[in-house]
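Residue-level listing of the chains:
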Amino acid sequence: MAEEHSHEPNLFDRMIARRWWALLAVLVFTAGLGAFATRVKPDFRVEMLFPDHDQRRVDYERYKKAFPLEDARALVVVEAPDLFTPAGLARIVALETDLAKLPGVSDTEGLTTVNDVVGDDIELRPDKLFPRPDLPPDELAKQRAIATGDPLFKWTLATPDGKATSIRVTLKPAAAKLEVERSRFLHDARKLLARHARIARDAGVEQRLVLNGLPVIRSEFNELISMDMALLVPVALLVILILLGITFRRVAEVAAALVTIIFAVIWTVGAMGVMGIPLQLLTQITSIVVMIVSISDTVHIISTYKERVAAGDSVPRAIAAACHDSAIPCLLTEVTIAGGFLGLLSADMQMIQQFGLATAAGMLLTWLANVTVLPLALSFMKPDRAATAQKDAVESASARMFKRFVAWIEHTVKTRPRTILGVTGVLVVTAAVVGTLGYGAEYYSYDDLRPGSKLAQNLRYVEKMHGGTVPMAVFIEPVKPGADAMHEPEALALIDAIEQRLERDFPDVKNAGSMASFMRKAHRLFAGEEEAARSPLPGTRPLIAQELIGVDDSRNLRDFLSSDHGTAAVFAMLPDHGSTQATKVIARMEAGFRADMAAHPSYRVTLTGIYGIADGIYRSLVGGLLRSLAIAILVSFIIFCFVLRSWRLALIALVPNLLPLILTFGMMGALDIDIKPSTVFLFSITLVIADDDTIQYLSRFRRRFLELRAAGHPDPHEGAAFDTLRESGLPMFVTSLAVTLGFLTLLLSRFVGLANLGLLIGISLLTAVFADLFLSPLLLIKLKPKL
C-alpha cells in the first residue's frame, strides 16, 4: 500500500479526486448533445440511394425542377366487383370527396373527378369521365370502355378487366416534403380507408382498399425503422448485459457498463443531430454498433481495474490506473474503427456516407464515455473489496473450460502447424470459388423489405393493379431552351415516337403517358376514327397542341408538359423487378433515345426518374465496395504499424483479419446474399472491428517478446506467442463473442438487408477471433519477425 501512495498522480487520479465536478461536466456535455438528439427524426428517401456525383443524379434533379410532383403522389387502389355500377361509383364519389378534405391534400384524380377530352371537328373541351354515379346503363358501359381501354386511362385509372381503379392523391408541396406532414396524411388516410371499408362491408360488398405511392412508402419505411429501433436496441442491450454479467459476475460493474453505454448512445445520437443526419435504414443501427463496440473498451478497463484491486490497490487508485493503462490502446482501437467507417465517405451514396460519418463519431464518443463515465460510475459504486476478491478468486467453469481450449490450441500449433495451414487453405479456396460463382449485386428500388411484410405485399399488389410502383420518365428538352418549345411539330413527333416505342417494345411499360396520348385522342375527335387510323398525327399537330392547352384543367398535362411548355416528359410507373433487369431495360431504351436524338438533333432525350437512375446506383455499389475496403485495409495497416512499431508485425496482423473476409464472401455466394446499399460496406467494417483483438494480442506479444529476449529466452517468439495467448485469449474470445451476438440481434430486423448484414458480420467476427487464436501464434513462431 505504500507503493500505491508514491505514484505520480495522473489525469484520472485528479478526475476521481474531483468526481463531483467531473460529473457536472459530463452532465452538462450530455445535456448539450441531448438537446440535439431530439432533432434526429426518421427519414427514408429513395434519393438517399442515388449516386451524388453521377450524371444521372444531375439529370434527375433537372427533371424534378420541371416536374416536381413525382414524389407528391399517393395512390389508393380500389378493387370491388361492382365498381362500374351506380352503387360502386357512389362509393368512389364519397371516397374521393373525403380524401380531398384531408389536411395536406391538394386534389384527387379518380373515376369521378378525372376529366376526359371530348369534342368534335370544331372544338375540344374537358368533361368528367363519370359526371355522376347514376348514369343510364348504356352510358355506364360506354364510359367503362373508355376508362379500361382508352390509352389515357388504361392502367393509370383502371385495370383493363375493370376489377380495380386507382385514385391519385396529390399532396401539397409542404405535406409531401416534410415527414411529419406525410406521417399525418398516412395516419388520416388509414383511418379514412378503414371507415370506407366498413361501409362497404356493411353494404355486403367485398371491397379492397390499398394505400400506396411514394409519400406513403416513405412514411411506412420510417415506421418500420422506428419499430426496428424499438425492438433491436433493447434486445441488443439485453444481450450485452447478460454477457457482461457472465464476464464480471458483479452487479456494480454491470451497472457501470450499462450507464456508460447509455451515455455513449445519447452522445452519438446528439452528434447525429449536430451534423443533421437522420435515422434512416443504416443509421438506425449506429446505436447498436456503439453498444457493441463499447463492450471491448469496457471489458479491458474493468478487467485491469479488477486486477489492480486484487493486487491491493484502493478502488480510486485501481480505477485511475486501469483508465491510464487502457486509454491509449483503446483510443487507437477506436480510431482504427472510426477510420474504417470514415472510409465509407468514399461511397458515392448519401445513405452510406451518413452511416459512416455518424458511426465514426460514435466510435470516438464511445471511447470518451469509457474514460469518463465508466470510471465515475465505478467510483460512486464503491464495491466491497473483500467480496470482490473472494468472488474473483473462484474461477468459473467457463474460464476453466476455455483454459483447456487454449492449451489444446497451443498443442495443435506446436504439433500440427501444417494441418492448420492446410485447413485454412482449403476453407479460403472453397470460399473464394463459391463466392465468385454466387456473387451478385441485385437491389430493388424499395429494397430490403421482407417478402411477407404488409408493405412488400402492397407493392406487389399495386404493381398488379396499376402497372408499377417505380416512377420512370423520359425527359425531353430543347438544346436551345425556350418557352413553348414543345409546341413545335418536331418536338411533338419525337414525343409521340418515344411513347409508342416504349409501349410496343417494352412489356413492363403498361401505362406510358405523354401529351402525345392526348394529341392522338384529339386528332380522332377532329378527323374521325377512320381518317385518324390512316393518318395518326397529320401536319396539324401544332393546332391540336394549342387546342389541348386551351382545354387543360391544370391536371391533365402537368406530368407531361412543364409550366412554361419548354420541356416535356413521357411518364410511366414500372414494376420493381430488380437492378439486373432494370439495367438491361435501360440500356435498350437509351440505345433508342440515341437514335431519336440523331434524327432530332435539336432535342435532348434523357431517361430519368427513380427507375432511370438504377444503373448509376449499381456502379456506385461496386465502386463503393472496392474503395471502402481499400481504405479500411490502408487504415488498419497504418494503425498496426503505429501501435506495434513494426511493419512486419503489421503485415502479420492483416492476415487473420483478411482471411475471414474471404470466408464471408463465400458465405454470401452460398446463401445468395447480394451486394446492396445495406451490405456494401460489410467487408470494410468487419475488418476494422476485427482489428481490436489483433491489436490487443500483438501489442502484448511485442511487450512479452522484448521481456523474454532481454531475459535470454532461447525462443522468445514462441514463448511470447503462447504466453500472450494464455493471457489474452479469454478476453479476446469474450469480446468477440459479445460483438458477434450483438450483431446477430440484427436477424430480428424487419429489413432483410440488415438481417443479412448482422449474420455476415457476426459470423465473420467469430471466425476472425479463431484466426487470431490459431494463425497469429503460428505465423509469429514460423516467420519470427525481427522487432
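Residues numbered from 1 in each chain as written. Predicted model: local features only at pLDDT ≥ 70, side-chain atom pairs only at ≥ 80, totals over all residues. Heavy atoms only, no water.

Before going further, it helps to spend a moment on empty space enclosed by the protein. Following the criterion strictly, the structure yields five cavities of 30 Å³ or more and no others. Its volume calculated, the largest cavity comes out at about 150 Å³. Lining the largest cavity we find 16 residues, and of these Ile689, Asp692, Asp693, Ser736 and Val739 sit closest to its centre. Secondary structure elements with two or more residues in the lining of the largest cavity: α11 (286–310), α12 (315–342), α26 (682–710), α27 (716–744) and α28 (752–783). Looking at the lining of the largest cavity residue by residue, the classes come out as eight nonpolar, four polar and four charged. (1 Å grid on protein atoms, 1.4 Å probe; cavity = no way out; pocket = protein on both sides within 12 Å on 5 of 7 lines; lining within 4 Å. Points joined across faces, edges and corners; volume = space filled by probe spheres on them. Helix = DSSP H or I, 4+ residues; strand = E, 2+ residues; numbered from the N terminus. Nonpolar A, V, L, I, M, F, W, Y, C, P; charged D, E, K, R; others polar.)

Mapped onto the fold, Asn212 is located in strand β6 (residues 208–213). With sequence-adjacent residues up to four places away left out, Asn212 is seen in contact with Ala74, Leu75, Ile217, Leu455, Asn458, Leu459, Val462 and Thr469. (Contact = heavy atoms within 4.5 Å.)

What follows is about the pairing of strand β1 (residues 73–79). For β1, the buried fraction is high: six of the seven residues fall into the buried class. As defined by bridge partners, β1 adjoins strand β5 (residues 164–171) across seven bridges and the pair is classed as antiparallel. Residue pairing across strands places Glu79 opposite Ala164, the latter belonging to β5. Sheet analysis places β1 next to β6, joined by six bridges and oriented antiparallel. For Val77, the partnering residue across the bridge sits in β6 and is Val210. (Buried < 20%, exposed > 50% of the residue type's maximum accessible area, 1.4 Å probe, protein only. Pairing = 2+ DSSP bridges.)

Time to look at the packing of aromatic side chains. Scanning all chains against the criterion turns up 15 aromatic pairs. Pairing Phe221 with Phe751 gives two aromatic rings, centres 5.8 Å apart and planes at 20°, and the pair type is stacked. In this pair, Phe221 is assigned in helix α9 (residues 214–248) and Phe751 in the loop between α27 and α28, connecting sequence segments 530 residues apart. The exposure class assigned to Phe221 is buried, which follows from its relative accessible area of 0%. Note on Phe751: relative accessible area 0%, which makes it buried. With centroids separated by 5.7 Å and ring planes inclined at 80°, the aromatic side chains of Phe341 and Phe355 adopt a geometry described as edge-to-face. Taken as a pair, Phe341 in helix α12 and Phe355 in helix α13 (residues 350–381) lie far apart in primary sequence, 14 residues in all. For the pair formed by Phe341 and Phe355, the shared burial category is buried. Here the aromatic residues Phe405, Trp408, Phe733, Phe770 and Phe774 are joined through ring pairs into a cluster of three or more. (Phe/Tyr/Trp six-rings, centres within 6.5 Å; stacked < 30°, edge-to-face > 60°.)

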